[in-house]
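The lines below spell out each chain.
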Amino acid sequence: MYHASMPTIVTLLNGVFIASAIIGVAAVDSETPSWDDLVSSLSGDATFQESSVDSWFDQCVLPFADLNSPQMGVCLEDESIDCPVSNYQLFMQPSGLCMGAAKCAYEKCAGGPDTPFNRFTFNSTTFPEELWKDADNFDLPAAVVHPAHVGDVSAAIKFAAEHKIGVSVKTSGHSYTGSSTKKGTILLNLSKLQKYAPSGSIVECQVDPN
């Protein structure tokens, strides 16, 4: 279990709430801001990239294509059988765009090919790339920041407020309302955010015998 320090949590949440109050749910204006200004304000350990449908498809959908009967546990016993793609693998993709459900890259988690897509695989011949990408209702952020510490979070929120851009936050990518990849926002993907605890990042929970 990870435990972020209380000051870290308060700083993060206060910043997001303040930014939300300032910029509401506004997306990127028709005039694209200078992302270089945001990049220059981030620490060397933070990363930034503009999001794209291509990155989403390549990293969040394509890994599921044409797996040969991927079933939980079976691949550990038989190397000829593909292992399913885990949520952790998706979350750690460099684009930062992957969700717990692929269809949640579309507004209201509805869009893309009409396929019985499940957590395991799909047939790429029946459901080719263009079916996934030829949509006008993608619900993807304009850019993704992977902050390394709260200073990066603060810098991203300040930039968003100055340019009237909405902010979304992703922790695990399981929001079925799309709040962790909201369209046109700056997405703060927290997978690289440092965790803190009194004795390190891992704390063993003790049971009170009383």
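Note that this is a predicted model, so its numbers are computed, not measured.

Here's the deal with the environment of Gln 49
Piece 1. Mapped onto the elements of the fold, Gln 49 is located in strand E1 (residues 47-50).
Piece 2. Remark: the alpha-carbon pair of Gln 49 and Gly 96, spanning 47 residues in sequence, is separated by 9.2 Å.
Piece 3. Contact partners of Gln 49, with chain neighbours within four places excluded, come to Pro 94, Ser 95, Ala 143 and Val 144.
Piece 4. Here the side chain of Gln 49 touches Pro 94 through a polar contact of 2.3 Å, landing on its backbone oxygen.

Points about the nonpolar core
Piece 1. Core analysis: the biggest nonpolar cluster contains 21 residues, and Trp 56, Val 61, Phe 122 and Trp 132 have the highest contact counts within it.
Piece 2. Top element by residues in this core is helix H3 (residues 53-61). It accounts for four residues.
Piece 3. Formed by 19 residues, the second largest nonpolar core is a distinct cluster that contains Trp 35, Ala 46, Ala 155 and Phe 159.

Looking at the side chain of Lys 170
Piece 1. Checked against the element boundaries, Lys 170 lands in strand E3 (residues 167-170).
Piece 2. Separated by 3.3 Å, the side chain of Lys 170 and the backbone oxygen of Leu 97 make a polar contact.
Piece 3. Polar side-chain contacts of Lys 170 include one of 2.7 Å to the backbone oxygen of Cys 98.

Considering helix H7 (residues 150-162)
Piece 1. Taking 1.5 Å as the rise per residue, H7 with 13 residues should run 18 Å; its terminal C-alpha atoms sit 18 Å apart, in good agreement.
Piece 2. Every buried residue belonging to H7 is among Asp 152, Val 153, Ala 155, Ala 156, Ile 157, Phe 159 and Ala 160, and all of these are buried.
Piece 3. Directly after H7, the chain includes Lys 164, whose backbone phi takes a positive value near 55 degrees.

Some remarks on the state of the cysteines
Piece 1. All chains considered together, the criterion is met by two disulfides.
Piece 2. Across a sulfur-sulfur distance of 2.1 Å, Cys 60 and Cys 98 are joined as a disulfide pair. Taking the sign of the S-S torsion, about -90 degrees here, the bridge from Cys 60 to Cys 98 comes out left-handed. With Cys 60 in helix H3 and Cys 98 in the loop between helix H5 (87-91) and helix H6 (129-133), this pair connects stretches of sequence that are 38 residues apart. The exposure classification of Cys 60 matches that of Cys 98, with both residues buried.
Piece 3. Residue pairing for Cys 104: its cysteine sulfur links by disulfide to Cys 109, the two sulfurs lying 2.1 Å apart. Residues Cys 104 and Cys 109 are joined through a disulfide that is right-handed, its torsion about the S-S bond being 105 degrees.
Piece 4. Residue class for Cys 104 comes out buried when judged on its relative accessible area of 2%.

Concerning the pattern of salt bridges
Piece 1. Summed over all chains, the structure comprises three salt bridges.
Piece 2. Of the charged contacts in the structure, one is a salt bridge between Lys 133 and Asp 54, with a shortest N-O distance of 2.4 Å. Of this pair, Lys 133 sits in helix H6 while Asp 54 sits in helix H3, placing them 79 residues apart in sequence.
Piece 3. The exposure class of Lys 133 is partly exposed, given its relative accessible area of 24%.

Describing the sheet that holds strand E2 (residues 143-146)
Within a sheet, neighbouring strands are paired by backbone hydrogen bonds and run either parallel or antiparallel to one another.
Piece 1. An order of E1-E2-E4-E3 is seen for the four strands of this open sheet, with the pairing classed as mixed. Unpaired on one side and paired on the other, E1 and E3 mark the two borders of the sheet. Across the sheet, the axes of successive neighbouring strands diverge by a mean angle of 20 degrees, strand direction being ignored.
Piece 2. Bridge count between E2 and strand E4 (residues 186-189): three bridges; the pairing is parallel.

Things to note about unusual backbone geometry
Piece 1. A positive phi angle is found at Lys 108, which is not glycine, with a value near 55 degrees.
Piece 2. As for its placement among the helices and strands, Lys 108 is situated in the loop between H5 and H6.
Piece 3. For Lys 108, a relative accessible area of 80% puts it in the exposed group.
Piece 4. Positive phi values are uncommon outside glycine, yet Lys 164 reaches one of about 55 degrees.
Piece 5. For Lys 164, the position within the fold is in the loop between H7 and E3.

What counts, and where the lines are drawn
- Residues numbered from 1 in each chain as written.
- Predicted model: local features only at pLDDT ≥ 70, side-chain atom pairs only at ≥ 80, totals over all residues.
- Heavy atoms only, no water.
- Helix = DSSP H or I, 4+ residues; strand = E, 2+ residues; numbered from the N terminus.
- Contact = heavy atoms within 4.5 Å.
- Polar contact = N/O pair within 3.5 Å; in protein donor to acceptor, adjacent residues only side chain to side chain.
- Core = buried A, V, L, I, M, F, W, Y, C linked by side-chain atoms within 4.5 Å.
- Buried < 20%, exposed > 50% of the residue type's maximum accessible area, 1.4 Å probe, protein only.
- Expected span 1.5 Å × (residues − 1).
- Disulfide = S-S within 2.5 Å.
- Salt bridge = Lys/Arg side-chain N within 4 Å of Asp/Glu carboxyl O.
- Pairing = 2+ DSSP bridges.
- Axes fitted to C-alpha atoms, helices over the stretch in contact; angles between N-to-C directions.

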